[in-house]
Amino acid sequence: MALSRNQLYQPLSLLSQFQNDINQLLERNYAEDQDADSSKVVTSRWSPAVDIQEKEDRFILKADLPGIAAEDIDITMDNGVLTLKGERTDESEEEREGYHRIERVRGSFYRRFSLPDTADASRIEAKGKNGVLEIVIPKQEKAQPKKIEVKS
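The structure displayed is predicted, hence computed values, not measured ones. (Residues numbered from 1 in each chain as written. Predicted model: local features only at pLDDT ≥ 70, side-chain atom pairs only at ≥ 80, totals over all residues. Heavy atoms only, no water.)

## Topic: the sheet that holds strand 3 (residues 73-78)
Here is the rule we go by: Strands qualify as paired when DSSP identifies two bridges or more between them. Numbering of helices and strands runs from the N terminus; a helix is a DSSP stretch of H or I covering at least four residues, while a strand is a stretch of E covering at least two. For every element, the axis is a line fit to its C-alpha atoms; helices are fit only across the contacting stretch, and the angle between N-to-C directions ranges from 0 to 180 degrees.
Reading across the sheet, the 3 strands line up as 3-4-5 and stay open at both edges, with antiparallel pairing between neighbours. Sheet topology places strand 3 and strand 5 (107-114) at the edges, where each strand pairs with a single neighbour. When the angles between neighbouring strand axes are averaged without regard to direction, this sheet yields 15 degrees.

## A look at the nonpolar core
Applied cut-off: Nonpolar cores are built from buried Ala, Val, Leu, Ile, Met, Phe, Trp, Tyr and Cys residues. Side-chain atoms within 4.5 Å join them into one set. A simple rule labels every residue: compare its accessible area, found with a 1.4 Å probe on the protein chains alone, to the largest value its type can have, and call it buried under 20%, exposed over 50%, or partly exposed in between. Whether two residues touch is decided by their heavy atoms; if any such pair falls within 4.5 Å, the residues are in contact.
With 17 residues, the main nonpolar core has Leu61, Ala63, Leu65, Leu133 and Ile137 as its most contacted residues. Going through the elements one at a time, strand 2 (58-64), strand 4 (81-88), strand 5 and strand 7 (132-138) are the ones with two or more residues in this core. Leaving out residues up to four positions away in the same chain, alanine 63 has contacts with Ala49, Val50, Leu84, Gly131, Val132 and Leu133.

## Things to note about the environment of lysine 127
Its place among the elements puts lysine 127 in strand 6 (residues 125-129). Judged by relative accessible area, which is 55%, lysine 127 ranks as exposed. Spatially, the C-alpha atoms of lysine 127 and alanine 70 are 8.4 Å apart, while their sequence positions differ by 57 residues.

Everything listed here is a matter of geometry and, on its own, says nothing about what the molecule does.
The structure is reproduced here in structure tokens:
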């Protein structure tokens, strides 16, 4: 890693970049060894942060997708796997002139999540607000015990 003059005067920035590089290396090695997180695909340029919460009647998935329009996000459900993909487009080179630092990642992302059998795929809803995509996955209604009458 080559150091620029600006980085020498900003040690915290350099430390942060070093930590990100180490985390990516460890994450890649762990995934190769353990096949741990199949929701992050190697072909993705970046991976949005995602929180998944389980409530009594639903699952809630929240993904940080700032700067991405709703029409640039594709959500599909197939065979119990929820797929989230999209792209944050690059700025043109002319717009990059004058920048001292570019840290926001651009390009495509792709995440997949295996859902439990209790998820009701037919009622999934998604909405975006303030750069956060929220996907609500209702659980199937619990089957109530059925009383069977014995006929004589």
